[in-house]
Amino acid sequence: AGGEAIGIQQAAAKGWIAFDGTSTVAITDSYNVSSLADDGTGSYTISWATDFADANYCCAGMCEDLSYGGTLSVWDDSSKAAGTLKIATHSKDTQTDADIAMVVAFGNQ
């Protein structure tokens, strides 16, 4: 719960990925990732090798600055499951493949 002291193991990243999301999607480096699916332009699904305890884990991400407005986002509540995370990369208001995208996740497993 909020405000509790946590140990180093709980605070450590439980999964992360860096990937090239253009052409043939390629993971450049990762930890606790079993696969990365290309779901269409600017849309990807990360599958964790070891599932989180539930969908309440925290994640953060970023991508290259696509035309001065590049963002990486989680679709919605249903996009984040214990075993997968669905993300999208955008250039301003348009989904666009990103050359560089990175995501990190923290939570209980």
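Quick note: structure is the one above.
Visitor: Please clarify how the sheet that holds strand E2 (residues 26–31) should be interpreted in this entry.
Guide: Backbone hydrogen bonds are what pair the strands of a sheet, in a parallel or an antiparallel way. With antiparallel pairing, the 4 strands of this open sheet are ordered in space as E2-E1-E9-E5. Because the sheet does not close on itself, it has two edges, and the strands there are E2 and strand E5 (58–63). Ignoring which end each strand starts from, the neighbouring axes of this sheet average 10° apart. With 5 bridges joining them, strand E1 (residues 15–20) and E2 adopt antiparallel strand pairing. Across the sheet, Ala-18 pairs through a bridge with Asp-29, a residue of E2.

Visitor: Just checking my understanding: could you explain the nonpolar core for this structure?
Guide: The nonpolar side chains of soluble globular proteins are, as a tendency, buried together. Counting residues in each nonpolar core, the largest one holds 17 residues, and the members touching the most others are Ile-17, Phe-19, Ile-46, Trp-48, Leu-85, Ile-87 and Val-103. Secondary structure elements with two or more residues in this core: E1, strand E3 (33–40), strand E4 (43–48), strand E7 (84–91) and strand E9 (101–106). Once residues lying within four places of it in the same chain are set aside, the contact partners of Val-103 are Gly-15, Trp-16, Ile-17, Ile-46, Ala-60, Gly-61, Leu-72, Leu-85 and Ile-87.

Visitor: Even after reading the chapter, I still don't get the pattern of salt bridges, so can you show me in this structure?
Guide: Side-chain pairs of opposite charge can arise whenever the charged atoms involved come near each other. According to the stated counting rule, one finds 1 salt bridge in the structure shown. Note that Lys-86 is salt-bridged to Asp-39, the shortest N-O span being 3.0 Å. Taken together, the residues Lys-86 in strand E7 and Asp-39 in strand E3 connect sequence positions 47 residues apart. We classify Lys-86 as partly exposed; its relative accessible area is 24%. The class for Asp-39 is partly exposed, based on a relative accessible area of 37%.

Visitor: Explain the side chain of Thr-45 here, please?
Guide: By secondary structure assignment, the location of Thr-45 is in strand E4. A polar atom in the side chain of Thr-45 sits 2.4 Å from the side chain of Asp-39. In this structure Thr-45 touches Ser-35, Leu-36, Ala-37, Asp-39, Thr-84, Leu-85 and Lys-86, once residues within four positions along its chain are discounted.

Visitor: Where do I start with the packing of aromatic side chains in this structure?
Guide: Aromatic rings in a pair are described by how distant their centres are and how their planes are angled relative to each other. Under the criterion given, the structure shown has 4 aromatic pairs. On the basis of an interplanar angle of 20° and a centroid distance of 4.0 Å, the ring pair of Phe-52 and Tyr-57 is categorised as stacked. Each member of the pair, Phe-52 together with Tyr-57, is buried. Each residue in the set Trp-48, Phe-52 and Tyr-57 is aromatic and connected to the rest through ring pairs, giving one cluster.

Visitor: I keep staring at the environment of Tyr-44 and nothing clicks. Help me out?
Guide: With respect to the secondary-structure elements, Tyr-44 resides in strand E4. As a C-alpha pair, Tyr-44 and Thr-89 span 45 residues in sequence and 8.6 Å in three-dimensional space. One polar contact links Tyr-44 to Asp-97, side chain to side chain, over a distance of 3.3 Å.

Rules and cut-offs
Residues numbered from 1 in each chain as written. Predicted model: local features only at pLDDT ≥ 70, side-chain atom pairs only at ≥ 80, totals over all residues. Heavy atoms only, no water. Pairing = 2+ DSSP bridges. Helix = DSSP H or I, 4+ residues; strand = E, 2+ residues; numbered from the N terminus. Axes fitted to C-alpha atoms, helices over the stretch in contact; angles between N-to-C directions. Core = buried A, V, L, I, M, F, W, Y, C linked by side-chain atoms within 4.5 Å. Buried < 20%, exposed > 50% of the residue type's maximum accessible area, 1.4 Å probe, protein only. Contact = heavy atoms within 4.5 Å. Salt bridge = Lys/Arg side-chain N within 4 Å of Asp/Glu carboxyl O. Polar contact = N/O pair within 3.5 Å; in protein donor to acceptor, adjacent residues only side chain to side chain. Phe/Tyr/Trp six-rings, centres within 6.5 Å; stacked < 30°, edge-to-face > 60°.

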